[in-house]
Amino acid sequence: MAVKIGISACVLGDKVRFDGGHKASAFCTQQLQPLVQYIAVCPEQAIGMGVPRPAIRLQRDAQQHIKLVQSRDNNLDYTEQMLAFTSQVLPRFAELSGYIVCAKSPTCGMERVKLYDAEGNALGKVAIGIYTRQLMQTYPWLPIEEDGRLLDPALKENFISRVFACNDYQRTMHDGFTVGKLVAFHSRYKFLVMAHSPVAYRQLGKLVAEAKLFQPAELQLRYLNELMQAMRNIATRKQHANVLQHLQGFLKKLMDSPARQELTDLIDRYRVGRVPLLAPITLLQHYLRLYPNSYLQQQVYFNPYPEQLGLRA
Ligand code: SF4
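In this convention, every chain numbers its residues from 1, walking through the sequence in written order. pLDDT decides what is reported in this predicted model: residues at 70 or higher carry local features, side-chain atom pairs at 80 or more are listed and counted, and totals for whole chains, interfaces and linings draw on all residues regardless.

J.: Before we go on, may I ask you to explain the site of the ligand in this structure?
T.: Every one of the 13 residues lining the ligand counts as a neighbour, but C10, C42, C102, S105 and C108 are closest to it. Each helix is a run of H or I in the DSSP string that is no shorter than four residues. Each strand is a run of E no shorter than two, and both are numbered from the N terminus. Element by element, the count of residues in the shell around the ligand is highest for helix α2 (residues 43-46), at three residues. For the shell around the ligand, the residue count by class is seven nonpolar, four polar and two charged. By convention here, the C-beta atom is placed from the backbone, and a residue is near a molecule or strand when that atom is within 6 Å of it. Gly is placed with the polar residues, together with every amino acid not listed as nonpolar (Ala, Val, Leu, Ile, Met, Phe, Trp, Tyr, Cys and Pro) or charged (Asp, Glu, Lys and Arg).

J.: Just checking my understanding: could you explain the nonpolar core for this structure?
T.: One recurring pattern in soluble globular proteins is that nonpolar side chains are buried together. Definition of nonpolar core: a set of buried Ala, Val, Leu, Ile, Met, Phe, Trp, Tyr and Cys residues joined via C-beta atoms within 7 Å. Field definition: a residue is buried when 20 or more other C-beta atoms are found within 10 Å of its C-beta, exposed when 12 or fewer are, and partly exposed for counts in between, with C-beta atoms placed from the backbone. Ranked by size, the top nonpolar core spans 70 residues in total, and within it I5 and Y99 carry the most contacts. At seven residues, the largest contribution of residues to this core is made by helix α5 (residues 153-172). Apart from the residues lying within four places of it in its own chain, the contact partners of I5 are V36, Y38, L96, S97, G98, Y99, I100 and V163. Contacts here follow a simple rule: the backbone-placed C-beta atoms of the two residues must lie within 7 Å.

J.: I keep staring at the domain arrangement of the protein and nothing clicks. Help me out?
T.: Note: interface size is frequently given as the accessible area lost on complex formation between the parts. Residue ranges assigned to the domains are those given by an automatic or database domain assignment. Annotation of the protein at the domain level lists domain 1 (4-151) and domain 2 (153-313). Its C-alpha centre places domain 1 at a distance of 33 Å from the equivalent point of domain 2. Listed as interface residues are 13 residues of domain 1 and, on the opposing side, 13 residues of domain 2. Here the side of domain 1 that touches domain 2 is built from residues that sort into seven nonpolar, three polar and three charged.

J.: Looking at this structure, I do not really get the sheet that holds strand β3 (residues 56-60). What am I missing?
T.: Through backbone hydrogen bonds, the strands of a sheet pair up, either in parallel or in antiparallel fashion. Two strands are counted as paired when DSSP detects at least two bridges linking them. Pairing is mixed across the open sheet formed by four strands, whose spatial order is β4-β3-β6-β7. Strands with a single pairing partner mark the edges of an open sheet, and in this sheet they are β4 (66-70) and β7 (122-127). With direction set aside, neighbouring strand axes in the sheet form an average angle of 45°. Bridge analysis of β3 against strand β6 (residues 113-117) gives three bridges, and the strand direction is parallel. Paired with Q59 across the bridge in β6 is Y116. Helix axes are fitted only over the stretch in contact, all axes being lines through C-alpha atoms; the angle between N-to-C directions runs from 0 to 180 degrees.

J.: Looking at this model, I keep getting lost on the packing of helix α7 (residues 198-209) against helix α8 (residues 216-231). Mind explaining?
T.: Between α7 and α8, the shortest axis-to-axis distance is 10 Å and the interhelical angle comes to 170°. Taken as axis vectors, α7 and α8 run roughly antiparallel relative to one another. Residues A200, Q203, L204 and L207 of α7 form the contact with α8, whose own contacting residues are R222, Y223, E226, L227 and A230. Among the residues forming the contact of α7 with α8, the class breakdown is six nonpolar, one polar and two charged. Working definition: roughly parallel below 35 degrees, roughly antiparallel above 145 degrees, roughly perpendicular at 65 to 115 degrees, and oblique for all remaining angles.

J.: What is the right way to read the pairing of β4 from this model?
T.: Note on strand geometry: in a regular strand, side chains alternate between the two faces of the sheet. Relative to β4, β3 is paired through five bridges, and the arrangement is antiparallel. Bridge pairing in β4 places L58 opposite L68. Between the end of β3 and the start of β4, which pair antiparallel, lie five residues, with Q64 showing a positive phi angle near 70°.

J.: Can you walk me through the pairing of strand β1 (residues 4-8) in this structure?
T.: Counting buried positions over the five residues of β1 gives four, a clear majority of the element. Every crossover in which the path from the first strand over the helix to the second runs clockwise, viewed with the strands pointing away from the viewer, is termed right-handed. Following the backbone out of β1, through helix α1 (residues 26-32) and into the adjacent parallel strand β2 (residues 37-41), one traces a crossover that is right-handed. In this sheet, strand β5 (residues 98-101) lies alongside β1 in parallel orientation, the contact comprising three bridges. Looking at the pairing, I7 lines up with I100 of β5.

J.: Quick question: what am I supposed to make of the packing of helix α3 (residues 79-89) against helix α4 (residues 130-138) here?
T.: As a packed pair, α3 and α4 sit with axes 10 Å apart at the nearest point and diverge in direction by 35°. With respect to the hand of their crossing, α3 and α4 are arranged in right-handed fashion. Contacts from T79, M82 and T86 in α3 reach I130, Y131 and Q134 in α4. Across the contact of α3 with α4, the residue classes tally to three nonpolar, three polar and no charged. For any pair of crossing helices, the crossing counts as left-handed if the nearer helix is rotated counterclockwise from the farther one by less than a right angle, and right-handed if it is rotated clockwise.

Here it is in structure tokens:
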């Protein structure tokens, strides 16, 4: 099951923007492209707005409804057309594992989109693009990120981790959900979840332990929602160091004293920012090859996404 990612067509380099241009993201078109299958959508083009076209914006009316209108003539209202398109296309996206949207767009923006009143006064960067708002409501678990935010290494790493975890869960449950599969999946994700959120680590563990209390369909969705919510937290150096110490604890009786000290020092140097995460992880993996431990070796924490993305270096 390929990793399918929805994407604003302009972010993929299609010249579909109102001014005839594009917003190609080098990360999406070069690094990520070989590893995923993109589903490119330009909602404005899909509802028949031409290229180039007059600029549009979000407007709040007296009843607090948000509409998509033409900037120069707000009598030209595209809201109903856009909502009709959205209701038609979104049901096809249940197999997506992520979505990359174009920032600031009144259609595709994920946050901080400019909002105006009917008189044209700016109300601040407080809205969500009309298409992406529906996408988020339909699939609350779906990892969604904006092109601009992917330039931030921590946000990029976080988004990619969520995408590959989401896809792993979808593949695992593809031919039917069982509690046994959930227990096995959760067992592989324990340390990755702990790195993102120690609180969520305990909550997800409790959810899995109480699996028999839920209807399977409810539990399948609830676990995915809670996992994706937990992984939205950026895994800090302190939390990674905590996880690394936990992992070291499984091996410490097998390692001699100098080896233990070397690993402890490396984890400390990672904690204070002197070496990248890859350094202590590589050393831990070396000791796992010397002293195999099937529970640790299956941990997704060691390889949450394809290595060639280079996100831990
Ligand atoms: S932001 Fe969305 S609607 Fe605008 S050009 Fe890009 S894909 Fe099309």
